[in-house]
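Inside the fold
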Amino acid sequence: MDFNAALQDVGDFGLYQKLLCIFLVVPSASLCALVYFTQFFTILVPNHRCRLSEDDTYQHNASIFNTSIPYEDVNGLWVPKMCEMYDPSSVVYISEEGYYTSNVSTSCQYGWVYDFSELYPTIATEMNWVCDNDQLPYQSQTIFYVGTSLGCIVFGLVADRLILDICRTRPLSLILSFNCRVAGLECFTNSFLPLIFRFFVGLQYLFSKILFVLSLEYIGVKKRTIVIIIWSMGYIVFSAICPWIAYGLRDWRLLCIITSAPLAAIPVFGKFVPESASWLLTQGRKKEAVKLLKTVARINKREYPEEFGERCYDKNNEDTSKDTTVLDLFRTPRLRLNNVVLAITWFVVYCCYHTNTQNASNLGTNVYDSFTYSSLVEIPALFVILFGIDWLGRRWPVAFSSLAAGIAGLIILIIPRDAIKAHLGLALIQRVTITIVYNVIMQYSAELLPTVLRGRGLAFLRLMGTLGLYLSPSIVYLSMTLPGLPLVVSGILMLLVSAFTLSLPETLHKHLPHSIEEGEMFGKNQNLLDCPCMNKSSMESDEDADSPTEKA
């Protein structure tokens with residue numbers, strides 16, 4: 001009997017698993033959302049202009065701007081330029097208020113003043129990351145993503161076995177506790193050190209999802225989609241809450257402390273986090289695994305089969321798995337094509353999703369409302385995933401959603417620049433469609449990869465996704481030229497995803513491939529236009545009789 005069969009005997013979605021959802025899955029989602037979204041609200045840059053004197057404030061008599069600050073037209077409104085002032089060395093005359101006027105503009109000579117009527121002082125305003133340094137807020141996000149990529153390599157590709165050992169209970173508690181300390185240190189510095197701390201926070205960001213992964217190991221295959229929806233819903237809710245925490249605190253240091261404080265509780269409650277029984281079996285620690293499964297049976301009020309101890313073993317073909325490497329993903333033609341397409345898709349989808357997320361503050365609306373709407377709009381995407389992918393399959397939802405995201409981005413080209421609500425609406429459409437692709441592609445990839453390569457393959461694809469994150473800050477930086485331009489770029493990239501994914505085979509109603517040979521033959525008899533909702537019987541008829549019994 002393998003672990004999955006034993007889990008069915010003791011209950012694969014009983015009270016024990018529901019408690020895991022409450023105490024591990026939802027907290028994992030909240031930690032991921034708060035750690036990730038906090039960074040956006042610590043680098044926001046409000047409207048600003050050149051400082052004219054030591055006691056100058058942003059809100060001042062409008063006559064000052066006629067004499068000291070050049071104007072520019074923004075969406076039909078004349079506002080002071082944020083990075084220019086009239087050159088005091090070429091004065092034409094001095095006004096009654098004591099301000100000079102000139103026909104020659106220059107860069108800000110005495111620093112900047114900021115409009116804090118809606119926003120609050122952030123690290124960007126304290127360090128004056130504006131004008132010639134306006135790329136630094138985006139670079140700080142890139143540094144976070146570099147840390148995330150390195151963490152993916154170290155804890156995914158390089159240390160595939162080690163990660164299973166170090167991410168258990170007490171070591172996990174120490175790691176998350178260190179993450180909390182790093183986030184705290186980031187709050188008490190005004191130098192380049194925050195960028196270094198962002199790297200370490202990114203390095204450990206992967207660990208915020210480990211609680212979720214540990215929970216999934218105790219949940220039956222048929223119920224995992226529901227648990228994924230629970231995690232995603234928790235992530236969405238806390239993503240929508242984060243802007244209002246920032247609004248209420250109005251202090252970027254306090255925001256860092258409040259959102260990272262829950263990590264400090266992990267060492268206290270870490271001893272209640274269960275070990276992974278399936279992992280213990282792979283390590284030959286059968287007695288400990290049996291003890292944990294007895295606990296699951298007791299809480300689920302199920303009878304534990306005593307014969308399990310005599311016939312329990314792992315059926316993952318370890319000898320075959322040990323001989324495989326990441327390079328085996330590209331050794332055969334069909335696997336190579338599938339994995340190249342998946343790698344491109346992960347790269348683009350990660351890039352476009354995070355571009356849309358970051359660009360929410362540049363759409364001309366209240367930044368708190370924009371982030372909230374952008375988060376809540378992902379809820380319909382979850383219902384599409386929950387009820388749609390078992391009807392349409394995996395390939396067509398990805399293709400259709402990518403196409404819709406691309407069209408929404410291109411429409412922005414013909415929308416007037418001052419149509420702020422139209423830009424916001426198209427951005428939300430793009431957000432919900434990219435979210436569908438973002439979630440489906442993770443399950444789709446796991447089903448396409450052969451069992452012997454699934455762990456390494458997903459680690460590789462996750463790495464490709466994090467590489468796509470490097471582009472998103474640069475794309476968002478294009479909003480300095482035109483606010484909707486990042487959405488246009490994302491739209492073009494998503495159109496490419498729509499075309500590429502049509503070359504992938506459908507996995508719905510299919511036995512999943514186990515060996516490399518089965519992965520190479522998977523979907524060979526499918527046609528380009530095959531769709532489960534149109535020809536379900538034909539899709540099921542070509543299942544290989546010798547394929548494993550695992551179902552998508």
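Described below are features of the structure shown in this document. (Residues numbered from 1 in each chain as written. Predicted model: local features only at pLDDT ≥ 70, side-chain atom pairs only at ≥ 80, totals over all residues. Heavy atoms only, no water.)

**So, the state of the cysteines**
Rules: The term disulfide is used for any two cysteine sulfur atoms that are within 2.5 Å. Secondary structure elements are taken from DSSP: a helix is a run of H or I of four residues or more, a strand is a run of E of two residues or more, and numbering for both begins at the N terminus. Partly exposed residues are those whose accessible area sits between 20% and 50% of the maximum for their type, while under 20% is buried and over 50% is exposed, using a 1.4 Å probe and protein chains only.
Tallied over the full model, the rule gives two disulfides. The residue that forms a disulfide with Cys50 is Cys108, at a sulfur-sulfur distance of 1.8 Å. Across the S-S bond linking Cys50 and Cys108, the dihedral sits near -70 degrees, which makes this disulfide left-handed. Of this pair, Cys50 sits in strand β1 (residues 48-50) while Cys108 sits in the loop between β7 (105-107) and β8 (112-114), and the two are 58 residues apart along the sequence. One exposure class covers both Cys50 and Cys108, and it is buried. Here Cys83 pairs with Cys131 through a disulfide, and the sulfurs are 2.0 Å apart. Taking the torsion about the sulfur-sulfur bond, which here is approximately -95 degrees, the covalent link between Cys83 and Cys131 counts as left-handed. Of this pair, Cys83 sits in the loop between β3 (77-80) and β4 (84-86) while Cys131 sits in the loop between α4 (123-126) and α5 (136-158), placing them 48 residues apart in sequence. Residue Cys131 is classed as buried on the basis of its relative accessible area, which comes to 13%.

**Regarding a nonpolar patch on the surface**
In plain terms, the rule: In this analysis, a patch consists of residues with relative accessible area above 30% that form no salt bridge, clustered at 9 Å for like charges and at 5 Å for the nonpolar side chains Val, Leu, Ile, Met, Phe, Trp and Tyr. Only the protein chains shown count as covering a residue, and every accessible area follows the Shrake-Rupley method with a 1.4 Å probe. Put simply, a salt bridge is a Lys or Arg side-chain nitrogen that is within 4 Å of an Asp or Glu carboxyl oxygen.
Taken together, the side chains of Leu403, Ile407, Leu410, Ile411, Leu413, Ile414 and Ile492 define a hydrophobic patch exposed on the protein surface, amounting to about 620 Å² of accessible area. Of the residues forming the nonpolar patch, the biggest block, four residues, is contributed by helix α20 (residues 395-411). With respect to the helices, strands and loops of the structure, Ile414 is situated in the loop between α20 and α21 (420-448).

**Quick look at the pattern of salt bridges**
If you walk through the whole model with that rule in mind, you get three salt bridges. For Glu84, the salt bridge identified is with Lys81, shortest N-O distance 3.7 Å. With relative accessibility at 28%, the residue Glu84 sits in the partly exposed group. Its relative accessible area of 23% is what places Lys81 among the partly exposed residues. Between Arg431 and Glu378 there is a salt bridge, with its nearest N and O atoms 2.8 Å apart. Remark: Glu378 occurs in helix α19 (residues 378-392) and Arg431 occurs in helix α21; sequence separation between them is 53 residues. By relative accessible area, Arg431 is classed as buried at 2%. For Glu378, a relative accessible area of 5% gives the class buried.

**Some details on the packing of helix α17 (residues 333-358) against helix α24 (residues 485-500)**
Applicable threshold: Structural elements are reduced to axes, namely lines fitted to C-alpha atoms, with helices fitted over the stretch in contact, and the angle between N-to-C directions of any two is expressed from 0 to 180 degrees. In these notes the angle categories are as follows: under 35 degrees is roughly parallel, over 145 is roughly antiparallel, 65 to 115 is roughly perpendicular, and the rest is oblique. Take the far helix as your reference; a near helix turned counterclockwise from it by less than a right angle gives a left-handed crossing, and one turned clockwise gives a right-handed crossing. It only takes one pair of heavy atoms within 4.5 Å for two residues to be counted as in contact. When residues are sorted by character, Ala, Val, Leu, Ile, Met, Phe, Trp, Tyr, Cys and Pro go into the nonpolar class, Asp, Glu, Lys and Arg into the charged class, and all the rest, Gly among them, into the polar class.
Running from N to C, α17 and α24 point in directions that differ by 155 degrees, and their axes come no closer than 10 Å. The pairing of α17 with α24 is recorded here as roughly antiparallel in orientation. Pair α17 / α24 crosses with left-handed handedness. Between α17 and α24, the residues in contact are Val341, Ile344, Thr345, Val348, Val349, Cys352, Thr355 and Asn356 and Pro486, Leu487, Ser490, Leu493, Met494, Val497 and Phe500, respectively. Of the residues contributing to the contact of α17 with α24, the split by class is 11 nonpolar, four polar and no charged.

**Some remarks on the environment of Leu386**
Take Leu386: it is sitting in helix α19. C-alpha separation for the pair Leu386 and Ile228, spaced 158 residues apart in sequence, amounts to 9.6 Å. With residues near it in sequence (within four places) discarded, Leu386 still touches Thr225 and Ile229.

**Let's talk about unusual backbone geometry**
Notably, Cys131 is not glycine yet its phi reads approximately 55 degrees, a positive angle. Phi is positive for Lys301, which is not a glycine, with a value near 60 degrees. Position of Lys301 relative to the elements: it lies in the loop between α14 (286-299) and α15 (308-311). A relative accessible area of 78% means that Lys301 is categorised as exposed.

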